[in-house]
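# Understanding the architecture of this molecule
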Amino acid sequence: MTMANLLPLPVLLPLLGAALTLVARHKPRTQVAISLTVLAASLGVAIALMWGTHDQGPIVLWLGAWTEPLGIALVADRLSALMLLISSFVILVVLVFAIGQGVADGDEDSPLSIYFPTYLVLSAGVSNAFLAGDLFNLFVSFEMLLFASFVLLTLGGSGSRIRAGTTYVIVSMVSSFLFLVAIAGIYAATGTVNMAQLSLRLPDIDPTVSLALQLMLLTVFGIKAAVFPMSAWLPDSYPSAPVPVSAVFAGLLTKVGVYAIVRTQFLLFPESPLHTLLMVAGLLTMLIGILGAVAQPGIKRMLSFTLVSHIGYMLFGIGVASELGLSAAIFYIAHHIIVQTALFLISGLIERVGGSTVINRLGGLAATSPILAILFFVPAMNLAGIPPFSGFIGKVGLVQAGVTDGGAVAWTLVVGSVVTSLLTLYAVAKTWSYAFWRPRAEEGSDQTFEIPMLTPNFGRLSDAIGAVVAHERPATPISPPAASQQVDRPMPPLMLGAASAVVVFSIGLSVFAGPLFSYTDAAAQQMITRDAYVKAVLPQEVP
Amino acid sequence: MNAIAPSLTLVVVAGFLIAAGVYLLLERALTRLLLGIVLASNGVATLYLVVSGPAKGAPFVGARPTEEMSDPLPQAMVLTAIVIALASVAFVLSLAYRQWRITGSDDVPDDAEDDLIKRLAERDEVSSTYDPDTQSTTTADEEDATA
């Protein structure tokens, strides 16, 4: 068996698992067993593929044995293999967390049978997006993961989730329509949707048409990745989902958009006139996102805004468009998937131990649960970019790329990224000190502390806070029912273990940052030279 | 590649459908959003008819010379797109129904966070470290004075 035959497995295995878990919908234990097996197998395949692409260059499989340029190609190069590995890991660990949460809440009989199949379809969609070798297959994978995310986001169908879900669904559908229009335009102009063929044919078409198509694709992926003018939907919808769902959304879904931007920008439009636009969008995303994060009283909302903000760092690297910049951007994507997932999982643990994720209602968690304090502290500092963590290393790479570029926009971005980093530190440190170090609120006292925040005095607005609390904590089968006081429930070992695994992985990324950076250097070089990719897909058309 | 000029009628139809769809997507009621999705997706599907060029014979291998065949690829793509649009319609319909069951109307309600910010603006509240200006006559001051 050759390596190429492994390519469809990360998509097929979860889909098969989804079918089986649907069949076994009345047997939660069987569902758990199937989901774990399938996702562990996908992780194994991803490891093998990463080793394979590193060893022998891009791996290509034409599905259904169609002759070469006609069929659908799955392609794994260094970038997709890395994305696939990290996403498989995150998906598996978050599943363990979700199982831990469900078992601890005694949900075994509640109507959650739809969770596992949907989650597996989401996983298949994400893997397919990373492996897609043509634009239409990319569209189909987006639809797979979007539909799965629609269901997961509105799980339980409570009022706040339906409201958040509506915004998310409509925004996603508009971007899907735009994607279809872009694909129609690309097919009309070039007669193909295969990305390797497009990279050969797009230079020959009218530059104006090419620019219009590029702008359309950037808008589509910008909506998915929550780039600034199109980012408003994200902090609105993610926090209302159950914790394991928002963790995997925050970690993966926006990064799929960023991956699509990288893929199309460097493979299809290498001579892009839009690099400056991307850098400006990156700067605005960073600053506006982090200003939103600073103002948030809820941990999950704060994290959603930092998620938007840090997408800007990746755009920075992509916009600089040098090998150094792209390499740092890829490193940053890998780092950010892990850290963001870790923080969302830990916000779930905080919710469990403290009974809330609004920092006004939290306090004394460091005494209640020292493990949780450490678990929060490490990824929080990592996100803010404190040495020696991977966030710092990624940011140094980006700043280095910006300085090497030397243009006025690049320098502005360097300054902007440092400011954003400091504001991120402010936002997470505020949460850290209020939730963990402040003395704990007395039982039954209505409002306790005046909190000097950049937003006005929340102490006198307990009713309004109540609205936000209700918004952040909808009562649903998968998350525990709302409790306004601190409850001190023990953390189930599976949840704790899953969250710790992600944190340990993030420390691993910091320790092995050297080898990882040399890998992303190679990946960036492969993306920028394009030869290896195109030659692997179309051996006959390229000399 | 299509050397033949695209059909203007189809382009106009597609443009009209998408424009009407976008107009409806800007509405607040979910049922209208649903109709907007239906119209826009049909408009996008029509674009694929433009792309596939004039209608010709069925593309079976060996049935006729290649020049007389329709381009099958856009048709395959548009079929996929239509199926996905159908699923979208089903999902939005269920969202609208659920919304109606919960709130009694299918309008999308306001965001709680927006509400909070609006209330803050109405009260004109400031940070606790801020030294208040005694001369101003905001509503918050009036409330404080009457309290």
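Attention in this report is confined to the structure presented alongside it. (Residues numbered from 1 in each chain as written. Chains lettered and ligands numbered in written order. Predicted model: local features only at pLDDT ≥ 70, side-chain atom pairs only at ≥ 80, totals over all residues. Heavy atoms only, no water.)

## Topic: the overall build of chain B
Secondary structure assignment for chain B yields five helices and zero strands. Along the chain direction, N to C, the helices and strands of chain B fall in the order α-α-α-α-α. In chain B, once contacts between residues fewer than 6 apart in sequence are set aside, the share between residues at least 24 apart is 50%. (Helix = DSSP H or I, 4+ residues; strand = E, 2+ residues; numbered from the N terminus. Contact = heavy atoms within 4.5 Å.)

## Section: the overall build of chain A
Scanning chain A from terminus to terminus reveals 21 helices and two strands. Taking all 543 residues of chain A together, 65% fall into the buried category. Carbon together with sulfur atoms contributes 70% to the accessible area of chain A, which is approximately 17,000 Å² in total. (Buried < 20%, exposed > 50% of the residue type's maximum accessible area, 1.4 Å probe, protein only. Areas by Shrake-Rupley, 256 points an atom, 1.4 Å probe, with all protein chains shown as cover.)

## A word on the pattern of salt bridges
Residue and element names in this part refer to chain A. Scanning the entire structure with this criterion turns up four salt bridges over all chains. Between R263 and D77 there is a salt bridge whose closest N-O contact spans 2.9 Å. Residue R263 is found in helix 10 (residues 243–268), and its partner D77 is found in the loop between strand 2 (73–76) and helix 3 (78–104); the two are separated by 186 residues along the sequence. Overall, R263 belongs to the buried group, its relative accessible area being 3%. Two residues, E351 and K300, come together in a salt bridge whose shortest N-O distance is 4.0 Å. You can see E351 sitting in helix 13 (residues 323–354) and its partner K300 sitting in helix 12 (residues 299–320), a full 51 residues away along the chain. (Salt bridge = Lys/Arg side-chain N within 4 Å of Asp/Glu carboxyl O.)

## Let's talk about empty space enclosed by the protein
Residues and elements named next belong to chain A. All chains considered together, the criterion is met by three cavities of 30 Å³ or more. Forming the boundary of the largest cavity are 14 residues, of which L146, Y168, S172, K224 and W233 lie nearest the centre. Among the secondary structure elements, those contributing two or more residues to the lining of the largest cavity are helix 5 (135–153), helix 6 (159–190), helix 8 (207–225) and helix 10. It is helix 6 that contributes the most residues to the lining of the largest cavity, four residues altogether. By residue class, the composition of the lining of the largest cavity is ten nonpolar, three polar and one charged. (1 Å grid on protein atoms, 1.4 Å probe; cavity = no way out; pocket = protein on both sides within 12 Å on 5 of 7 lines; lining within 4 Å. Points joined across faces, edges and corners; volume = space filled by probe spheres on them. Nonpolar A, V, L, I, M, F, W, Y, C, P; charged D, E, K, R; others polar.)

## Some remarks on the packing of helix 11 (residues 275–294) of chain A against helix 17 (residues 408–437) of chain A
Residues and elements named next belong to chain A. Contact geometry for helix 11 and helix 17: axes closest at 9 Å, N-to-C directions at 20 degrees. Judged on the interaxial angle alone, helix 17 and helix 11 are roughly parallel. Judged by the twist between their axes, the crossing of helix 11 over helix 17 is left-handed. (Axes fitted to C-alpha atoms, helices over the stretch in contact; angles between N-to-C directions. Parallel < 35°, antiparallel > 145°, perpendicular 65-115°, else oblique. Left-handed = near helix turned anticlockwise from the far one by under 90°.)

## A short note on the environment of G497 of chain A
Take G497 of chain A: it is sitting in helix 19 (residues 493–511). For the pair G497 of chain A and V96 of chain A, spaced 401 residues apart in sequence, the C-alpha to C-alpha distance is 8.6 Å.

## Brief notes about helix 16 (residues 390–405) of chain A
All names here are of chain A. With 16 residues, helix 16 extends 23 Å between its outermost C-alpha atoms, agreeing within 8% with the 22 Å of an ideal straight helix rising 1.5 Å per residue. Within helix 16, burial applies to S390, G391, G394, K395, G397, L398, A401 and G402. Down the axis of helix 16, the buried set is contained in an arc of 155 degrees. They therefore lie on one face. If you follow the buried residues of helix 16, they end up packed against helix 12, helix 13, helix 15 (370–384), helix 17, helix 19 and helix 20 (513–529). In the segment just after helix 16, G406 is the residue with positive phi, at about 80 degrees. (Expected span 1.5 Å × (residues − 1). Arc of directions from axis to C-beta.)

## Concerning a nonpolar patch on the surface
Residues and elements named next belong to chain A. Residues V280, L284, I288 and V409 make up a contiguous nonpolar surface patch of about 270 Å² in total accessible area. The greatest single-element share of the nonpolar patch, amounting to three residues, is contributed by helix 11. Structurally, L284 is set in helix 11. Of the residues examined, L284 reaches a relative accessible area of 35% and is grouped as partly exposed. (Patch = residues over 30% accessible without salt bridge, like charges linked within 9 Å, V, L, I, M, F, W, Y side chains within 5 Å.)

## Notes on helix 13 of chain A
All names here are of chain A. With 32 residues, helix 13 ought to run about 46 Å at 1.5 Å a step, and its terminal C-alpha atoms sit 45 Å apart, in line with that. Within helix 13, 30 of the 32 residues are buried, leaving the element largely enclosed by the surrounding structure. The first or second residue beyond helix 13 is G355, which carries a positive phi of 80 degrees.

## Quick look at the layout of surface pockets
Looking at the second largest pocket, its volume works out to about 540 Å³. Surrounding the second largest pocket, 23 residues form its lining, I170 and V171 of chain A together with L25, L26 and L33 of chain B being those nearest its centre. Among the elements of the structure, helix 6 of chain A together with helix 1 (8–25) and helix 2 (30–51) of chain B are those that each provide at least two residues to the lining of the second largest pocket. Looking at the lining of the second largest pocket, the element that brings in the most residues is helix 6 of chain A, giving nine residues. Grouping the amino acids of the lining of the second largest pocket by side-chain chemistry returns 15 nonpolar, two polar and six charged.

## Focus on the side chain of S87 of chain A
Residue and element names in this part refer to chain A. Considering the arrangement of structural elements, one finds S87 in helix 3. By relative accessible area, S87 is classed as buried at 1%. Residues in contact with S87, not counting those within four places in the same chain, are V126, F130 and L252.

## A word on the packing of aromatic side chains
For the coordinates displayed, the defined rule picks out 25 aromatic pairs over all chains. Linked through ring pairs, F147, F150, Y168, W233, Y238 and F249 of chain A together with F91 of chain B together constitute an aromatic cluster. The lysine or arginine in question, K224 of chain A, covers the ring of F142 of chain A, its NZ or CZ lying 4.9 Å from the ring centre. Positioned above the aromatic ring of Y313 of chain A, the side-chain terminus of K395 of chain A is 5.0 Å from the ring centre. (Phe/Tyr/Trp six-rings, centres within 6.5 Å; stacked < 30°, edge-to-face > 60°. Lys NZ or Arg CZ within 6 Å of the ring centre and 35° of its normal.)

## Comments concerning the packing of helix 13 of chain A against helix 20 of chain A
Residue and element names in this part refer to chain A. Across the interface, helix 13 lies against helix 20 with an axial gap of 8 Å and an inter-helix angle of 125 degrees. In terms of orientation, helix 13 lies oblique with respect to helix 20. As for the relative orientation of helix 13 and helix 20, their crossing is right-handed in sense. Packed against helix 13, whose contacting residues are E323, L326, S327, A328, I330 and F331, the element helix 20 presents A513, L516, F517, T520, D521, A523, A524, Q525, M527 and I528 at the interface. Per-class residue counts for the contact of helix 13 with helix 20 are eleven nonpolar, three polar and two charged.

## A word on unusual backbone geometry
In most cases, non-glycine residues show a negative phi, while peptide bonds are predominantly trans. Residue and element names in this part refer to chain A. In the segment running from P387 into P388, the intervening peptide bond is cis, with an omega of 10 degrees. Position of P388 among the secondary structure elements: in the loop between helix 15 and helix 16. Although it is not a glycine, A321 sits at a positive phi angle of roughly 65 degrees. Here A321 lies in the loop between helix 12 and helix 13. Given a relative accessible area of 24%, A321 falls into the partly exposed group. The phi dihedral of R530 is positive, around 65 degrees, even though this residue is not glycine. You can see R530 is positioned in the loop between helix 20 and helix 21 (531–537). Residue R530 is classed as buried on the basis of its relative accessible area, which comes to 19%.

## Points about the environment of W432 of chain A
Among the secondary structure elements, W432 of chain A is positioned in helix 17. Taking the C-alpha atoms as reference, W432 of chain A lies 8.1 Å from A373 of chain A; in sequence the two are 59 residues apart.

## Some points on the environment of G17 of chain A
Residue and element names in this part refer to chain A. For G17, the position within the fold is in helix 1 (residues 9–23). Exposure remark for G17: the relative accessible area of 0% places this residue in the buried category. Spatially, the C-alpha atoms of G17 and S35 are 6.3 Å apart, while their sequence positions differ by 18 residues.

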